[in-house]
Amino acid sequence: MYSSLKKFGWSNIFFQQLSFDEICAEETLERIFRITAIHRNRVEAMGAHGESSIICTAEFQPVSQHLAVGDWVMAEPANEHHRLQRIFEPKNRVRRVSNGLPQVIAANLDYLWIVTSANDEFNVKRLERYLALAYEFDITPVVILTKTDICDDIAHFLGQLDGLGAENVHPLSVNTPGSLDVLSAYMNEGSTIALMGSSGVGKSTLINTLFHTALATREIREEDAHGKHTTTHRELFFCDNGAAIIDTPGMRELQLYDAEQGIERVFHSIVELSTQCRYNDCTHADGPGCAIQAAIAEQRISQAHFDNYRKLLKEEASQTRRAEGAHVVKQYYRDYFKKVHSGNKDQW
Ligand SMILES: Nc1nc2c(ncn2[C@@H]2O[C@H](COP(=O)(O)OP(=O)(O)OP(=O)(O)O)[C@@H](O)[C@H]2O)c(=O)[nH]1
Ligand SMILES: [Mg+2]
Ligand SMILES: [Zn+2]
């Protein structure tokens, strides 16, 4: 009965969250949806019988803090739409810090396609951030190097990608037939793929080429569109072979939130080296017997790699602290105003 939802990414971990009564009730299947777009007071979603708008009541406001594209929800019929009842515990929820607050980017992902282009945009440190994000949330990262057709020195980029230690790296171009074929390995029925990367690297163009969709892409010359985002909303759609694809607006900067384990995995060689330092409390600065400094001196790891590790850890810790602080303050005011509000009601 629930197999009709499988092609949208439904799996056992969500089924297990249904109560016995819900499983037995006939209408349950019609009440399960996957979020495809988020608006201010409502969301768009896909269910067994097609698309529907779901109204979100006050307890789920602001919607963008409760729900993300890719979430699974239960919703009851309400006039011609539906009304949100509950959210299924997600397999994962990718978060970052935006304007000092944690922001959910997408939920229930299997693959993160980290898109970068073979030109000035390319930046190893930025890629390390995206990799940390994927590892932190247990999502398989796939690094895609686009625009190889207009690049004279692909080896230069591939060499730097090698140093990242990522398992899946694919240089390609939408103008080179056949170069996209490798990506079909990720597009299985029921799997969910999110594309992330800077603005203008070619995320929407890649999706359009793969799935014959018509997402807006930057048509004018790159120089003219500097800093302008073509894609403005995250949206999820299902392609013919059954994979769910999420296009996202380009990010100028990815600030990690609560991603220490992801960072340690990206920089695992440094973490391993640190266990070989002579002193347990080694600061890895210039002390004697520091295995990291020795490795840098022997050029086994680069100073830049080590610097980025420190920078990310430090930034992550302070962002997480700040975001949690801001969250607490916001919650305080929300509770406070609620109290004031309910007081008013009693009085009047
Ligand atoms: N030569 C070449 N140009 C490409 C390739 N892929 C994308 N482009 C061009 O790059 C520009 C930006 O592409 P978009 O797909 O809009 O980029 P995006 O990553 O979706 O950007 P945002 O939506 O702003 O995040 C467009 O003019 C594309 O035609 C490629 O493989 N080769
Ligand atoms: Mg786009
Ligand atoms: Zn050390």
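Analysis parameters
Residue positions within a chain follow its written sequence, with the count starting from 1. Labels follow written order: the first chain is A, the first ligand is 1, and so on. Since the coordinates come from a predicted model, pLDDT governs what is reported: local features require at least 70, and pairs of side-chain atoms require 80 or more to be given and counted, while whole-chain, interface and lining totals use all residues. The basis for the side-chain values is all heavy atoms of the structure; hydrogens and waters are excluded. As a rule, N, O and S atoms within 2.8 Å of a metal are its donors, except that Na, K and Ca use 3.2 Å; water is not among the atoms, so sites may look incomplete. Runs of E in the DSSP output that reach at least two residues are strands. Runs of H or I that reach at least four are helices, and both are numbered from the N terminus. With a 1.4 Å probe rolled over the protein chains alone, any residue whose accessible area is under 20% of its type maximum counts as buried; one over 50% counts as exposed, and the rest are partly exposed. Only heavy atoms matter for contacts: two residues are in contact if any of them lie within 4.5 Å across the pair. Contacts described as polar in this section are N or O atom pairs within 3.5 Å, which, within protein, must combine one atom able to donate a hydrogen with one able to accept it, while residues neighboring in sequence count only if both atoms come from side chains. What makes two strands pair is DSSP finding at least two bridges between them. Domain segmentation is taken from an automatic or database assignment of domains. Defined here as a combined quantity, buried area equals the accessible surface (1.4 Å probe) lost by two parts on assembly, summed across both. Each reported salt bridge corresponds to a side-chain nitrogen of Lys or Arg within 4 Å of a carboxyl oxygen of Asp or Glu.

At this site the magnesium ion (ligand 2) is bound by Ser204 (OG) and Thr231 (OG1), with donor distances of 2.0 to 2.1 Å. Taken together, the residues Ser204 in helix α7 (residues 203-211) and Thr231 in the loop between α7 and β12 (235-238) connect sequence positions 27 residues apart. Residue Ser204 shares its accessibility class with Thr231, and that shared class is buried.

To continue, consider the environment of Ser191. Looking at where Ser191 falls in the secondary structure, it is placed in the loop between β10 (169-171) and β11 (192-196). Ser191 sits in the buried class, given a relative accessible area of 7%. As for Ser191 and Lys6, which are separated by 185 residues in sequence, their C-alpha atoms are 9.4 Å apart. Not counting residues within four places of it along the chain, the set of residues in contact with Ser191 comprises Asp110, Tyr111, Tyr186, Gly242, Ala243 and Ala244. For Ser191, the side chain forms a polar contact with the main-chain oxygen of Tyr186, separated by 3.2 Å.

Alignment of strand β3 (residues 50-55) against strand β5 (residues 81-87), held across 2 bridges, turns out to be parallel. For Ile55, the partnering residue across the bridge sits in β5 and is Arg83. Both strand β4 (residues 72-78) and β5 contribute to a ladder of 6 bridges, which runs antiparallel. When the bridges of β5 are listed, Ala78 appears paired with His81.

Often, the extent of an interface is quoted as the loss of accessible area on bringing the components together. Entries for the protein chain in the domain assignment read domain 1 (3-87), domain 2 (93-255) and domain 3 (258-336). Taken over C-alpha atoms, the centre of domain 2 sits 26 Å from the centre of domain 3. Taken together, the contacts link 13 residues of domain 2 with 21 residues of domain 3. Summing both sides of the interface, domain 2 and domain 3 together bury roughly 1,500 Å²; the carbon and sulfur share of this comes to 57%. There are 2 salt bridges connecting domain 2 and domain 3. The partner of Arg95 in a salt bridge is Asp258, with the nearest N and O atoms 3.7 Å apart.

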